[in-house]
Amino acid sequence: MDYNFRDIEQKWQKRWADNKTYHVTEDPNRPKYYVLNMFPYPSGAGLHVGHPLGYIASDIYARYKRQCGFNVLNPMGYDAYGLPAEQYAIQTGQHPAITTQKNIARYREQLDKIGFCFDWDREVRTCEPGYYHWTQWAFQKMFGSYYDNAAKKAMPIEKLIEQFNANGTEGINAACSEELSFTAAEWKAMDRKQQSDVLMNYRIAYLGETMVNWCAGLGTVLANDEVVEGVSVRGGFPVEQKKMRQWCLRISAYSQRLLDGLDTIDWTDSLKETQRNWIGRSEGTEMVFHVKDSDVQFTIFTTRADTIFGVTFMVLAPESELVAQLTTADQKAQVDEYITAVKKRTERERIADRKVTGVFSGSYAINPLTGDAIPVWISDYVLAGYGTGAIMAVPAHDSRDYAFAKHFGLPIIPLIEGADVSESSYDAKEGIMMNSANAELNLNGLTVKESIAATKKYVTEKGIGRVKVNYRLRDAIFSRQRYWGEPFPVYYDNGIPCMIPEECLPLELPEISDYKPTETGEPPLGHAVKWAFDTVNKQVVEKSLIDNKTVFPIELYTMPGFAGSSAYYLRYMDPQNNKGLVSKEADAYWQCVDLYLGGSEHATGHLIYSRFWNKFLKDIEVSKVEEPFAKLINQGMIQGRSNFVYRIKDTNTFVSLGLKEQYDTTPIHVDVNIVSNDVLDVEAFKAWRPEYNNAEFILENGKYVCGWAVEKMSKSMFNVVNPDVIIEKYGADTLRMYEMFLGPIEQAKPWDTNGIDGCHRFLRKLWNMYFDKEGNLAVVDAEPTKDELKSLHKLIKKVTEDIQNFSYNTSVSAFMICVNELSALKCRNRQVLETLVKLIAPFTPHLSEELWEMLGNSTTVCDAQWPSFNEEYLKEDSITYSISFNGKTRFTMDFPAEATQQEIQDAVLANEKAQGYIDGKTIRKVIVVPKKIVNIVL
RNA sequence: GCCCGAAUGGUGGAAUGGUAGACACGAGGGACUUAAAAUCCCUUGACCUUUACCGGUUGUACGGGUUCGAGUCCCGUUUCGGGCACCA
């Protein structure tokens, strides 16, 4: 009987769908396991063969866990908001919802063919009102919260207001944009707008002024890569650095928790390290410097408090508010000129072109330890957004300060013994201090480490400064001037942002006629005038308590891509719930994702935002756990394997790879789908493109051999392989096996269709084991033989271990070895063959179900209990040891399996003596390697 | 520049410090076949030796080291990949 994978796969996919085989419900009597893939953005190109890699890997794990008795949640959905659909809409006028809908249908069709155990009843789409309801809701909760540094959690903003009413800012320890100080009386005296502004300083979702690339000509904010030499790539309009009001999320408040949480989760070290770098915790000292002949003082941040005696100048960021205060009249012209020049440069240009620039402010600061007056400069190598936007410069021990000092001829004072600073600075944090003493503090002779501690202690006691931890993590900018995203549930009352009442959510995205910005420079939602009116005045004003009949402007920004993907794993737990994001019961049952699979490209995006979002939801008691993803595996990218033909220059003649050195050739990408084992299908090539109709070929051995290279899988390289094509030719089970066989999941590897035959042959061979020549099921009921049991239990052990370690590639090999062994044994034993079906079921579900049914089972194999192995069967009767002298093997000896190492050693030595091999030699050591080698060291 | 990871046949890749190259592809040879496909068998790191068998040397990017024994551990170097990048 032939292995008719097409019929088998269709049959089972239909049956699974009809019976809702993979539908899961919360079941307190069974342990849960939550497997999750990062959900895809449904692009117009459809899935290529690289996309399902992670889905297959997690599907195998989900199926394995299910067979182990777990109640497994394995959902799938779509990250449906995104730029490509919107760009397409601008070009064609096609509504992004329609494009997205189409793409999702295509994705679903492709996914269904692979045989996943997804519970499609739990599908989510970020662009559906029922889903983004809860994205908007979470945003509102963030708006209504502040972060209490002492309690280390988010609290309702009302609590803060209470405190303001009672004591002003006295005793407040909250995360904020800038430190404020006012009394209760002052608070009460503020009007609504002023109070709103003050609260913005504390809210977790807040409107803040941030630096953006603003392009007036296009009426939008641009990303850095959309700007070159101060003009927009598209249109060539001038672009300036501008502070703009944007919605932000105070993710920085969670820096420490985001950092600490990393120690509690099972992610790869490299990914954790990337997140640690991104959060960028740095422990240092803040010190206050007074300005000479002035009341002004300012604070700097340094991690090298020990170098305070080597400060020879100070530097302010150009954007710093201190610049205006410290610039003296006679320097003003120069400073203004410098600031203007800096403003024109984009972030990108500053990084690309690192020539030293700066200007003297005219002021001097007083070194609090030496009393020296030191010049204050302004330079763009100091960033406004980090620390205090001002630094103390120690050119001897900081390379950037050194470059600046050399350029402007400022003094350099070495502070570490033996450090040669004539050519470059000495940045290392080691050595013995010198030149570092005043009447009260003497660092000379101490190590750098000791000096930092001593200086911290000193400045703290003297009130000059304090110990401070800084984080590089910035608050997330949360608004976009785009159409295809979640609308903000916000309207403005006399400039004060107000939340649309919760009962009016979701605020639905309106239809608009034009996806470009409006003529007045507003985001695309500005076209939806009627929507704004209806929403705010009918839905909001009439339904809510707001007693006003004027038209309120509504927020026209939309949310960024990461908004919808930040809590989707919670929504899968309870996707239809219209009372809340997730019910207490569902959350309590599923808790967190046990296994999360996705690409490492999300290390500093989605995986940070999501962790932050979850921590916030935990603070407001929606989610139960601190960390959403207990274990994370980054699947490696599947790269493309491109093929080339070699055209002889200025001809239409193509030369085979082996002969191309004899000609002057140009390599040309050729569609990998008309190449097999690097041999070109010449006729298909001629038909591929009109210009190749008359192509001629110089062959080798009658074949045209193509060159190849590993590149990114992309249309332009003609190396995209569609899973549908593979499935049509080999079946989904072969595809699943082969994707796993390619190599370790975490590793990037090229897709090479050439190897797939091996996996397909294996499945056919496996299939044929169950049937005789006439095609009848040919299993016999009998006690398995010892050899059969040994082979089988070796496999159970290996596969069980491999699945737990996610080394599926070696599992596939183990299956191949076992099937070869069983074939050699002519195994027809029902018990053995049935167990084999269970073992391979996670990898090849369709084939397994079919065999399982043929073997007379009425249940599905996906519920069949995972077999356990018995060490007894794995035991050998005797074990062959290699006997070697000084590592060189001489001969072998057999020993009973239960022989101890001592017995083996004694027996070997007795044999040596009897044979006379070791007469007159000194034996230094005898090493018995378990089950392998006896090495006699002379 | 800083941090992290990797390097094994023609290819993808195996190998708790213990006989390197499992398994698979490709290639070569053979069987079956009118032929092809399919299937099955043998060979396949390099080099040397031999009519053949048997055998030997060498070999996991490079140079050292630890060890009876190193692809694996340690030190240094090179190359490639990834992340961060004026973060004071």
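**Some remarks on the overall build of chain A**
Counting its secondary structure elements, chain A contains 30 helices and 33 strands. A principal-axis box enclosing the C-alpha atoms of chain A has dimensions of 100 × 90 × 75 Å. Looking at chain A as a whole, 52% of its 938 residues qualify as buried. Within chain A, contacts between residues separated by at least 24 positions form 71% of all contacts whose residues are at least 6 apart in sequence. Put simply, chain A has 103 plus and 124 minus side-chain charges, and the middle of one group is 2 Å from the middle of the other.

**Details of the sheet that holds strand β21 (residues 632-634)**
Strands sit in the order β2-β1-β20-β21 across an open sheet of four strands; the sheet is parallel. Because the sheet does not close on itself, it has two edges, and the strands there are β2 (71-73) and β21. Here the average twist between neighbouring strands, direction ignored, is 15°. As judged from the three bridges shared by strand β20 (residues 595-598) and β21, these two strands associate in the parallel manner.

**Examining a nonpolar patch on the surface**
On the surface, I927, V929 and I933 cluster together to form a nonpolar patch covering roughly 190 Å² of accessible area. Mapped onto the secondary structure, I927 falls in strand β32 (residues 925-929). With relative accessibility at 33%, the residue I927 sits in the partly exposed group.

**Notes on the nonpolar core**
Within the largest apolar cluster, 109 residues are counted, with the highest numbers of intra-cluster contacts made by Y770, Y808, F815, L836 and F843. Residues contacting Y808, with those up to four places away along its chain left out, are A57, I60, Y61, M740, I745, I803 and F843. Counting 73 residues, the second largest nonpolar core, distinct from the first, contains F139, M244, V622 and F629.

**A word on helix α23 (residues 732-741)**
The buried fraction of α23 is high, at nine of 10 residues. Regarding α23, the residues found buried are A732, D733, T734, L735, R736, M737, Y738, E739 and M740. In the stretch just after α23, G743 is the one whose phi turns positive, near 160°.

**A short note on the protein's contact with RNA strand B**
Taken together, 45 residues lie around RNA strand B, and T303, R400, L742, R761 and R764 are the ones closest in. Counting only atoms of RNA strand B within 4 Å of the protein, the fraction found in sugar and phosphate groups is 62%. One of the side-chain nitrogen or oxygen atoms of S282 is found 3.5 Å away from a phosphate oxygen of RNA strand B. With respect to RNA strand B, the side chain of N935 contributes an N or O atom lying 2.7 Å from a base oxygen. Listed by contribution, the elements that provide at least two residues to the surface near RNA strand B are α10 (269-279), β11 (297-302), α13 (347-352), α24 (756-768), α26 (808-824), β32 and β33 (933-937). If you tally residues by element for the surface near RNA strand B, the top one is α26, at six residues. A per-class count over the surface near RNA strand B returns 17 nonpolar, 15 polar and 13 charged.

**Notes on the packing of α23 against helix α28 (residues 845-854)**
At a minimum axis separation of 7 Å, α23 and α28 run at an interaxial angle of 125°. For the element pair α23 / α28, the angle class is oblique. Facing A732, D733 and R736 of α23, the residues of α28 in contact are P845, H846 and L847. Across the contact of α23 with α28, the residue classes tally to three nonpolar, one polar and two charged.

**Topic: the sheet that holds β32**
In space, the four strands of this open sheet follow the order β31-β30-β33-β32, with mixed pairing throughout. On the outer flanks of this sheet lie β31 (888-896) and β32, each paired with one strand and no other. Averaged over neighbouring strand pairs, the angle between their axes works out to 20° when direction is ignored. Bridge analysis of strand β30 (residues 878-885) against β33 gives four bridges, and the strand direction is parallel. Considered in β33, the bridge of S884 is made with N935.

**Quick word on the packing of aromatic side chains**
In total, this model carries 63 aromatic pairs according to the counting rule given. Note on F139 and F488: the rings are 5.0 Å apart at their centroids and 75° apart in plane angle, and the pair reads as edge-to-face. In this pair, F139 sits in helix α5 (residues 129-143) while F488 sits in the loop between β17 (476-477) and β18 (490-493), placing the two residues 349 residues apart along the sequence. Per residue, the accessibility class of F139 equals that of F488, and both read buried. Residues F654 and F685 carry aromatic rings whose centres are separated by 5.1 Å and whose planes lie at 80° to one another, so their mutual orientation is edge-to-face. With a gap of 31 residues between them, F654 in strand β23 (residues 653-655) and F685 in helix α21 (residues 682-688) connect regions that are remote in the sequence.

**Focus on the state of the cysteines**
Scanning the model with the defined rule gives zero disulfides in all. Unpaired in this structure, C68 has its nearest cysteine sulfur neighbour in C117, at a distance of 13 Å. In this structure C176 is not part of a disulfide, and its nearest cysteine sulfur, from C248, lies 14 Å away.

**Quick look at the pairing of β20**
In β20, alternate side chains face the same way, and those of L595 and L597 on one face and Y596 and G598 on the other are all buried. Bridge count between strand β1 (residues 32-37) and β20: three bridges; the pairing is parallel. Looking at the pairing, V35 lines up with L595 of β20. A crossover links β20 with its parallel partner β21, the connecting element being helix α20 (residues 606-619), and its sense is right-handed.

**Structural notes on the confidence of the model for chain A**
Looking at chain A, the pLDDT average stands at 88 and 93% of residues meet or exceed 70. For this predicted complex, the interface confidence reaches an ipTM of 0.93, while the overall pTM sits at 0.91.

**Here's the deal with the environment of F718**
With respect to the helices, strands and loops of the structure, F718 is situated in the loop between β28 (707-711) and α22 (723-730). Note on F718: relative accessible area 23%, which makes it partly exposed. Note: C-alpha distance between F718 and N673 (45 residues apart in sequence) is 8.4 Å. What F718 contacts, discounting residues up to four positions off in sequence, is H669, V670, D671, V672, W688 and R689.

**Details of the environment of I817**
Along the chain, the position of I817 falls in helix α26. Spatially, the C-alpha atom of I817 lies 9.9 Å from that of F762, the residues being 55 residues apart in sequence.

**Digging into the pattern of salt bridges**
This model, assessed by the stated rule, comprises 49 salt bridges. D18 is the partner of K14 in a salt bridge, and the nearest nitrogen-oxygen pair spans 2.8 Å. Here the residue K14 and the residue D18 both occupy positions in helix α1 (residues 5-19), the gap between them amounting to four residues, near one helical turn. For the pair shown, K14 and D18 are each scored as exposed.

**A few points about the environment of A709**
With respect to the secondary-structure elements, A709 resides in strand β28. Sequence-wise, A709 and I157 are 552 residues apart; in three dimensions their C-alpha atoms are separated by 58 Å. In this structure, A709 is in contact with G640, R641, S642 and F644, ignoring residues within four places of it in sequence.

**Some words on the packing of α10 against α20**
The geometry of a pair of packed helices is captured by two quantities: the angle between their axes and the separation between those axes. α20 packs onto α10 with a crossing angle of 75° between their chain directions and a minimal axis gap of 11 Å. Here α20 runs roughly perpendicular to α10, going by the angle between their axes. Contacts from L271, Q275, W278 and I279 in α10 reach L607, I608 and R611 in α20.

**Thoughts on unusual backbone geometry**
Each neighbour pair has its own omega, and for L505 with P506 the value is -5°, a cis peptide bond. Phi at K20 is positive, roughly 50°, even though this residue is not glycine. Mapped onto the secondary structure, K20 falls in the loop between α1 and β1. On the basis of relative accessibility, which here comes to 46%, the residue K20 falls in the partly exposed class. Phi at E621 takes a positive value of approximately 65°, unusual for a residue other than glycine. Turning to its location among the elements, E621 is positioned in the loop between α20 and β21.

Calculation notes
- Residues numbered from 1 in each chain as written.
- Chains lettered and ligands numbered in written order.
- Predicted model: local features only at pLDDT ≥ 70, side-chain atom pairs only at ≥ 80, totals over all residues.
- Heavy atoms only, no water.
- Helix = DSSP H or I, 4+ residues; strand = E, 2+ residues; numbered from the N terminus.
- Buried < 20%, exposed > 50% of the residue type's maximum accessible area, 1.4 Å probe, protein only.
- Contact = heavy atoms within 4.5 Å.
- Lys, Arg positive; Asp, Glu negative; His and termini not counted.
- Charge placed at Lys NZ, Arg CZ, Asp CG, Glu CD.
- Pairing = 2+ DSSP bridges.
- Axes fitted to C-alpha atoms, helices over the stretch in contact; angles between N-to-C directions.
- Patch = residues over 30% accessible without salt bridge, like charges linked within 9 Å, V, L, I, M, F, W, Y side chains within 5 Å.
- Areas by Shrake-Rupley, 256 points an atom, 1.4 Å probe, with all protein chains shown as cover.
- Salt bridge = Lys/Arg side-chain N within 4 Å of Asp/Glu carboxyl O.
- Core = buried A, V, L, I, M, F, W, Y, C linked by side-chain atoms within 4.5 Å.
- Near = heavy atom within 4 Å.
- Polar contact = N/O pair within 3.5 Å; in protein donor to acceptor, adjacent residues only side chain to side chain.
- Nonpolar A, V, L, I, M, F, W, Y, C, P; charged D, E, K, R; others polar.
- Parallel < 35°, antiparallel > 145°, perpendicular 65-115°, else oblique.
- Phe/Tyr/Trp six-rings, centres within 6.5 Å; stacked < 30°, edge-to-face > 60°.
- Disulfide = S-S within 2.5 Å.
- Right-handed = clockwise from strand over helix to strand, strands pointing away.
- pLDDT = per-residue confidence, 0-100.

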